[in-house]
Amino acid sequence: MFKKMKELYMYRQFLKTSVKKEFRGKYKKSFLGVLWSFINPLLQLLVYALVFPFILKIQEDNYVMFLFSALIPWNFFATTVSQSTSVVVGNGGILKKVYFPREILPISIVISGAINFLVSCIIIFIALIISGIGITANVLWLPVILLIQSIITLAICFVLSALTVYIRDLEYFINVLLQLWMYLTPVLYTMELIPPQFAKFFYLNPMVQIVNAYRNIFYYQTMPDLKALAIWTVLGIIGVFIGYVIFKKLEKRFAEEL
Amino acid sequence: MKKKSNIVIDVKNVSKHFNVYYDKANTLKERAIFWKRNNHEVRQVLKDINVQIKAGETVALIGINGSGKSTLLKLMTKIIYPNEGEIEVKGKLTSMLELGAGFHPDFSGMENIYFNASIFGLSKKEIDSRLEDIIEFSELRDYIDNPVRTYSSGMYMRLAFSIAINVDADILLIDEILSVGDKHFQDKCFNKMQELKKEGKTIVLVTHDLGAAKRLCDRTIWLSNGVVRMDGKSDKVLDEYVKECS
């Protein structure tokens, strides 16, 4: 195990380069470039805030902020998972010719996603101040929640990035799945809206507690549910191990399948 | 008694086959509908290979095209994995298997040095300290800022070789790409490999240049039809090989 960690540390420069390549590639050809990191969430927010309060009749003081504080973290999860399906397939060229620890690919996706999310957090803070809700010390929990969310996301990315090599459809299928997943997570609504007999199944969704935690520190301005976070930390770490093992198993035939 | 501790590349009972698909199905739809499509032919490329290479050895790997030389190098590099057996490698290994492998065509030569060296595992500081040596050896100073897709194959090779010898690898695996360089650079590479040999590095070289093999390599392994046909002193093996080929 430690040999692997040592190897990954040795490859940190390559990890850095991969993350940079993600950023360079993402906005290189677009006109607005890096600004999309900011504008994208803003536009989404606008659309949802205009449409949903009328359709769902949700009683919230400030639906816009309610939505925003959950939507941005959700986007980190969704876009990272979506990108991870194509990261190994997309790097097929160099994978077939050079050796490097392949797991760096999904790891670089999660890291660049997290950095992108942190940039969007600036927007959240500005919005909180403007809307009058303000910021409390509870936001200091942000790095902790982010870390837990990243661990869970990484576990999923390990599995998906490797599986997509063998079943290319996953790349398209996962987008539909993520749409559904978002509706099964209290991003657009509160947990109270769910009939009690289903509520307990909702908690099986890792993103439920994560999104609640973010909403707690941003919108409700309370501490996150520490017990839930602790449970998901443990589950996340176990998940990463399992995901990693699956990745390593599937990795063996990468060069031949691509 | 073999001195086990000295072995840097240990190939144990390795077999490798490839499935040559006539028309590969890699989506769900294709697998469901055209289930007959996965018609393939199994090509056994390597059969039960046993090779132990000790530290500091310079080994030539010869054989006709298709005998499994490149596959063996790829297995040692861990780009592909054996179907049976295992390969243990001790120490840092770098390989030059394909022209332009690990090069990003739109990046400049300079950027590719960083990219390539970081794929190998070097940190930015380490690359910085070696940058001069690499550019110097490649003789590509005037072109180093141009994107590598404008490079000729000889230039690719020069850059690849300069990087490969400057990353402090203990083991160098080189496939047949050296022949792409002009005589001047080939001699330069040859001399450099002699130097590395004196420093105790392990070199495995796939070559069709039997003269070079004889001069540089003490040991030659002859692969034929996926098995080790002969493995021993270069003079002996190469003479047999020439006899067979004529």
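Owing to the predicted nature of the structure, the values given are computational and were not obtained by experimental measurement.

**Quick word on the overall build of chain A**
Right, so step 1: If you tally the helices and strands in chain A, you get twelve helices and zero strands.
Right, so step 2: Reading chain A from its N end, one meets helices and strands in the order α-α-α-α-α-α-α-α-α-α-α-α.
Right, so step 3: A compact globule built from 258 residues would reach a C-alpha radius of gyration of about 18 Å, and chain A, at 19 Å, matches this within 12%.
Right, so step 4: The proportion of buried residues among the 258 residues of chain A is 36%.

**A look at the packing of helix 6 (residues 104-130) of chain A against helix 7 (residues 142-166) of chain A**
The angle between the axes and the distance between the axes are what describe a pair of packed helices.
Residue and element names in this part refer to chain A.
Right, so step 1: Here helix 6 crosses helix 7 at 145°, and the two axes come no closer than 9 Å. Note on packing geometry: the crossing formed by helix 6 with helix 7 is right-handed. Contact with helix 6, carried on its side by Leu105, Pro106, Ile107, Ile109, Val110, Ala114 and Cys121, involves Leu142, Leu146, Ser150, Thr153, Leu154, Cys157, Phe158 and Ser161 of helix 7 and no other residues of that element.
Right, so step 2: A class-by-class count of the residues in the contact of helix 6 with helix 7 yields twelve nonpolar, three polar and no charged.

**Regarding the packing of helix 4 (residues 63-90) of chain A against helix 7 of chain A**
All names here are of chain A.
Right, so step 1: Helix 7 packs onto helix 4 with a crossing angle of 30° between their chain directions and a minimal axis gap of 7 Å. The angle between helix 4 and helix 7 places the two elements in the roughly parallel class. Regarding helix 4 and helix 7, the two cross each other, and that crossing is right-handed. Contact residues: Pro73, Phe77, Thr80, Val81, Ser84, Thr85, Ser86, Val87, Val88 and Val89 in helix 4; Gln149, Thr153, Ile156, Cys157, Leu160, Ser161, Ala162, Thr164 and Val165 in helix 7.
Right, so step 2: Its residues placed into classes, the contact of helix 4 with helix 7 shows eleven nonpolar, eight polar and no charged.

**Brief notes about unusual backbone geometry**
Residue and element names in this part refer to chain B.
Right, so step 1: In the Ramachandran plot, Lys78 falls in the positive-phi region, its phi being about 70° despite a non-glycine side chain.
Right, so step 2: The topology assignment puts Lys78 in the loop between helix 2 (69-77) and strand 4 (84-89).
Right, so step 3: For Lys78, a count of 18 C-beta atoms within 10 Å puts it in the partly exposed group.
Right, so step 4: Although it is not a glycine, Asp168 adopts a positive phi angle of roughly 60°.
Right, so step 5: Within the element layout of this structure, Asp168 appears in the loop between helix 5 (153-165) and strand 6 (171-174).
Right, so step 6: A tally of 13 C-beta atoms within 10 Å means that Asp168 is categorised as partly exposed.

**Here we look at the sheet that holds strand 9 (residues 227-233) of chain B**
Residues and elements named next belong to chain B.
Right, so step 1: Spatial strand order, 5-6-7-3-8-9: six strands in an open sheet with mixed pairing. The sheet is open, and its two borders are formed by strand 5 (93-96) and strand 9, each paired with just one other strand. When the angles between neighbouring strand axes are averaged without regard to direction, this sheet yields 15°.
Right, so step 2: The strands touched by helix 8 (residues 234-245) are strand 3 (58-62), strand 8 (219-224) and strand 9; relative to strand 9, the strand with the most contacts, the crossing angle is about 135°.

**Remarks on the interface of chain B and chain A**
One frequently used descriptor of interface size is the decrease in accessible area upon assembly of the parts.
Right, so step 1: With 20 residues of chain B at the interface, the matching set in chain A holds 19 residues.
Right, so step 2: Among the elements that take part in the side of chain B that touches chain A, helix 3 (residues 109-120) of chain B stands out by supplying three residues, more than any other.
Right, so step 3: Broken down by class, the residue content of the side of chain B that touches chain A amounts to ten nonpolar, seven polar and three charged.

**What about the domain arrangement of chain B?**
All names here are of chain B.
Right, so step 1: Domain assignment breaks chain B into domain 1 (4-91 + 170-245) and domain 2 (105-165).
Right, so step 2: Computed over C-alpha atoms only, the centres of domain 1 and domain 2 are separated by 25 Å.
Right, so step 3: The partner domain 2 presents seven residues to the nine residues of domain 1 that form the contact.
Right, so step 4: Looking at the side of domain 1 that touches domain 2, its residues break down into six nonpolar, one polar and two charged.

**Notes on the environment of Ile171 of chain B**
Residues and elements named next belong to chain B.
Right, so step 1: Mapping Ile171 onto the fold places it in strand 6.
Right, so step 2: Residue class for Ile171 comes out buried when judged on the 22 C-beta atoms lying within 10 Å of it.
Right, so step 3: The contact partners of Ile171, leaving out residues within four places of it in the chain, are Val8, Ile9, Val89, Gly91, Leu93 and Thr202.

**Some thoughts on the sheet that holds strand 1 (residues 7-21) of chain B**
Residues and elements named next belong to chain B.
Right, so step 1: What the three strands build is an open sheet, ordered 2-1-4; its pairing is antiparallel. The sheet terminates laterally at strand 2 (40-54) and strand 4, the two strands that pair on one side only. Averaged over neighbouring strand pairs, the angle between their axes works out to 25° when direction is ignored.
Right, so step 2: Note that strand 1 and strand 4 share five bridges and pair antiparallel. Counterpart to Ile9 in the pairing with strand 4 is Val89.

**A few points about the environment of Ile119 of chain B**
Right, so step 1: Considering the arrangement of structural elements, one finds Ile119 of chain B in helix 3.
Right, so step 2: Residue Ile119 of chain B is classed as buried on the basis of its C-beta count, with 25 C-beta atoms lying within 10 Å.
Right, so step 3: With residues near it in sequence (within four places) discarded, Ile119 of chain B still touches Phe14, Val98 and Phe100 of chain A together with Gly102 of chain B.

Rules used throughout
Residues numbered from 1 in each chain as written. Chains lettered and ligands numbered in written order. Predicted model: local features only at pLDDT ≥ 70, side-chain atom pairs only at ≥ 80, totals over all residues. Helix = DSSP H or I, 4+ residues; strand = E, 2+ residues; numbered from the N terminus. Rg over C-alpha atoms; globule rule 2.2 N^0.38 Å. Buried ≥ 20, exposed ≤ 12 C-beta atoms within 10 Å, placed from the backbone. Axes fitted to C-alpha atoms, helices over the stretch in contact; angles between N-to-C directions. Left-handed = near helix turned anticlockwise from the far one by under 90°. Contact = placed C-beta atoms within 7 Å. Nonpolar A, V, L, I, M, F, W, Y, C, P; charged D, E, K, R; others polar. Parallel < 35°, antiparallel > 145°, perpendicular 65-115°, else oblique. Pairing = 2+ DSSP bridges. Domains from an automatic or database assignment.

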